[in-house]
Amino acid sequence: MARVRDIGIEEVAEELRETYSRFSNEYGPFANQVKVFAQRPPALRHIMGLLLDLKEDACLPKRYLEIALVVVSRLNECDYCVTHHNPRLIAEGLSTETVAHILEDNCPGLDPIDRMVRDLAIQVTERPGLIRDHVFADLRVHFSEEQIVELILRIALCGFFNRFNDALQIEIEDDALAEAS
């Protein structure tokens, strides 16, 4: 159980129930997380709403998004996010072995773009002010500026979610545990 009381959908203002329901049912097995976010209606509206909008817009290929999210979550040792995103990354074509070793320099199964995204996620998480201009020049070869902004946004947001989930001890849902097995 989380460190704060779960808020059920029936307790949420009518205008937020669609966001609550969509996030719980469409975004993935994140029901325990949305129950905690519902403590703060503006967070439910804007943060969960933002994630739903970004998913719907899909400007960034899911493979690269999931690489970034798994890398950040592993660096931050967030079991909640690792459990949720490892299966998504495997569904994007990476092997279980690759996902398990994704932080290693010579990780098998990563192509050069995968490695670039992995390395960017590490840099943004560990030392964002020291990223060199050549990293962005290399990114521009494969990604639009819109995609680069979203990639950085999602990496930074993932770090936020890792800290939020861990500080409030949000439990991993049974559905997510089953999918991860």
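Provided above is the structure to which this section pertains.
What counts, and at which threshold
- Residues numbered from 1 in each chain as written.
- Predicted model: local features only at pLDDT ≥ 70, side-chain atom pairs only at ≥ 80, totals over all residues.
- Heavy atoms only, no water.
- Helix = DSSP H or I, 4+ residues; strand = E, 2+ residues; numbered from the N terminus.
- Rg over C-alpha atoms; globule rule 2.2 N^0.38 Å.
- Buried < 20%, exposed > 50% of the residue type's maximum accessible area, 1.4 Å probe, protein only.
- Contact = heavy atoms within 4.5 Å.
- Areas by Shrake-Rupley, 256 points an atom, 1.4 Å probe, with all protein chains shown as cover.
- Lys, Arg positive; Asp, Glu negative; His and termini not counted.
- Charge placed at Lys NZ, Arg CZ, Asp CG, Glu CD.
- Core = buried A, V, L, I, M, F, W, Y, C linked by side-chain atoms within 4.5 Å.
- Salt bridge = Lys/Arg side-chain N within 4 Å of Asp/Glu carboxyl O.
- Axes fitted to C-alpha atoms, helices over the stretch in contact; angles between N-to-C directions.
- Left-handed = near helix turned anticlockwise from the far one by under 90°.
- Nonpolar A, V, L, I, M, F, W, Y, C, P; charged D, E, K, R; others polar.
- Patch = residues over 30% accessible without salt bridge, like charges linked within 9 Å, V, L, I, M, F, W, Y side chains within 5 Å.
- Phe/Tyr/Trp six-rings, centres within 6.5 Å; stacked < 30°, edge-to-face > 60°.
- Expected span 1.5 Å × (residues − 1).

Here we take up the overall build of the protein. Helices and strands together make up the secondary structure of the protein, namely 10 helices and zero strands. The globule rule puts the C-alpha radius of gyration for 181 residues at 16 Å, and the 17 Å found for the protein is close to it. The 181 residues of the protein split such that 48% are buried. Within the protein, counting contacts between residues at least 6 apart in sequence, those at least 24 apart form 71% of the total. Accessible surface computed for the protein: about 9,400 Å², of which carbon and sulfur atoms make up 51%. Distance from the positive charge centre (19 side chains) to the negative charge centre (32 side chains) of the protein: 3 Å.

Here is a general trend for soluble globular proteins: nonpolar side chains tend to be buried in one another's company. Membership of the largest hydrophobic core comes to 30 residues, with the highest contact counts inside it found for Ile 67, Leu 120, Phe 143 and Ile 155. At the level of elements, α4 (62–75), α7 (112–126), α8 (133–142) and α9 (145–167) are the ones that each hand at least two residues to this core. Ranked by residues supplied to this core, first place goes to α4 with eight residues. Excluding residues that lie within four positions of it along the chain, Ile 67 makes contacts with Leu 89, Leu 94, Ile 102, Asp 114, Val 117 and Arg 118.

Within the structure shown, the criterion is met by nine salt bridges. Between Arg 17 and Glu 14 there is a salt bridge whose closest N-O contact spans 3.1 Å. Highlighted residues: Arg 17 and Glu 14, both in helix α1 (residues 14–27), separated by three residues, approximately one helical turn. The exposure class of Glu 14 is exposed, given its relative accessible area of 58%. Residues Glu 56 and Arg 22 are paired through a salt bridge, measuring 3.4 Å at the closest nitrogen-oxygen approach. With Glu 56 in helix α3 (residues 41–57) and Arg 22 in helix α1, this residue pair connects regions lying 34 residues apart in the sequence. Three or more residues joined by partner-sharing salt bridges are found here, namely Arg 22, Glu 26 and Glu 56.

This part takes up the packing of α3 against α9. It is at 13 Å that the axes of α3 and α9 come closest, and there the two elements cross at 145 degrees. As α3 packs across α9, the resulting crossing turns out to be left-handed. Here α3 contributes Ile 47, Met 48, Leu 50, Leu 51, Leu 54 and Asp 57 to the contact with α9, which in turn contributes Glu 146, Glu 150, Leu 153, Arg 154, Leu 157, Phe 160 and Phe 161. Its residues placed into classes, the contact of α3 with α9 shows nine nonpolar, no polar and four charged.

Negative charge collects at one region of the surface, where Glu 171, Asp 174, Asp 175 and Glu 179 lie side by side. Within the fold, Asp 174 resides in helix α10 (residues 174–180). What makes Asp 174 exposed here is its relative accessible area of 65%.

This part takes up the packing of aromatic side chains. What the rule picks out here adds up to 10 aromatic pairs. Geometrically, the ring pair formed by Phe 37 and Phe 161 is tilted, given 5.7 Å between the ring centres and 50 degrees between the ring planes. Placement of the pair is Phe 37 in helix α2 (residues 31–37) and Phe 161 in helix α9, with a sequence separation of 124 residues. For Phe 37, a relative accessible area of 2% corresponds to the buried category. Residue Phe 161 is classed as buried on the basis of its relative accessible area of 6%. Geometrically, the ring pair formed by Phe 160 and Phe 164 is tilted, given 5.8 Å between the ring centres and 35 degrees between the ring planes.

So, about α3. Here α3 contains 17 residues, and its C-alpha end-to-end distance of 23 Å stays within 8% of the 24 Å for a straight helix at 1.5 Å per residue. Burial in α3 covers these residues: Ala 43, Leu 44, Met 48, Gly 49, Leu 51, Leu 52 and Leu 54. On the buried face of α3, the contacting elements are α1, α2 and α9. Positive phi shows up at Ala 58, right after α3, with a value of about 45 degrees.

That is the geometry; function is a separate question.
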